[in-house]
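Structural overview for review
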Amino acid sequence: MMPHGIILVVITMYFPRLRDSREDADKTQQQIADYLNMQRSVYRRYELGEREIPVWALIKLAEYYHVTTDYLLGLSTKAQ
């Protein structure tokens, strides 16, 4: 319980299409992390929604998978 009646709200940004797209491309988290020039543990947190994905990484992944950023974010059902 938070002091003085304060309620703590944790918002996570979970984007399952990050993982789905990676798996559909038969890539490992390490391969994608290398492509993005980051540690696997950082990329893993993006897939799990534990960390907010930067715009530059989202754009780079959309280009890599040949899909739209809206598709990766779950805002569209159309990949192209």
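The paragraphs below set out a description of the structure included in this document. (Residues numbered from 1 in each chain as written. Predicted model: local features only at pLDDT ≥ 70, side-chain atom pairs only at ≥ 80, totals over all residues. Heavy atoms only, no water.)

Quick word on the packing of aromatic side chains
Taken as a whole, this structure holds 3 aromatic pairs when the rule is applied. Taking the centre distance of 4.5 Å and the plane angle of 45 degrees together, the rings of Y35 and Y64 count as tilted. Highlighted residues: Y35 in helix 2 (residues 29–35) and Y64 in helix 4 (residues 55–65), separated in sequence by 29 residues. One aromatic cluster is present, built from ring pairs that chain together Y35, Y64 and Y65. One Lys or Arg, R17, reaches over the ring of Y71 and ends 4.2 Å from the middle of that ring. Sitting over the face of the ring of Y35, K60 holds its NZ or CZ atom 4.9 Å from the ring centroid. (Phe/Tyr/Trp six-rings, centres within 6.5 Å; stacked < 30°, edge-to-face > 60°. Helix = DSSP H or I, 4+ residues; strand = E, 2+ residues; numbered from the N terminus. Lys NZ or Arg CZ within 6 Å of the ring centre and 35° of its normal.)

Section: the pattern of salt bridges
Counting across every chain of the model gives 2 salt bridges. Residue R19 is joined to E23 by a salt bridge in which the shortest nitrogen-to-oxygen separation is 2.8 Å. Of this pair, R19 and E23 both sit in helix 1 (residues 16–24), separated by 4 residues, roughly a single helical turn. Judged by relative accessible area, R19 falls into the partly exposed class, the value being 43%. (Salt bridge = Lys/Arg side-chain N within 4 Å of Asp/Glu carboxyl O. Buried < 20%, exposed > 50% of the residue type's maximum accessible area, 1.4 Å probe, protein only.)

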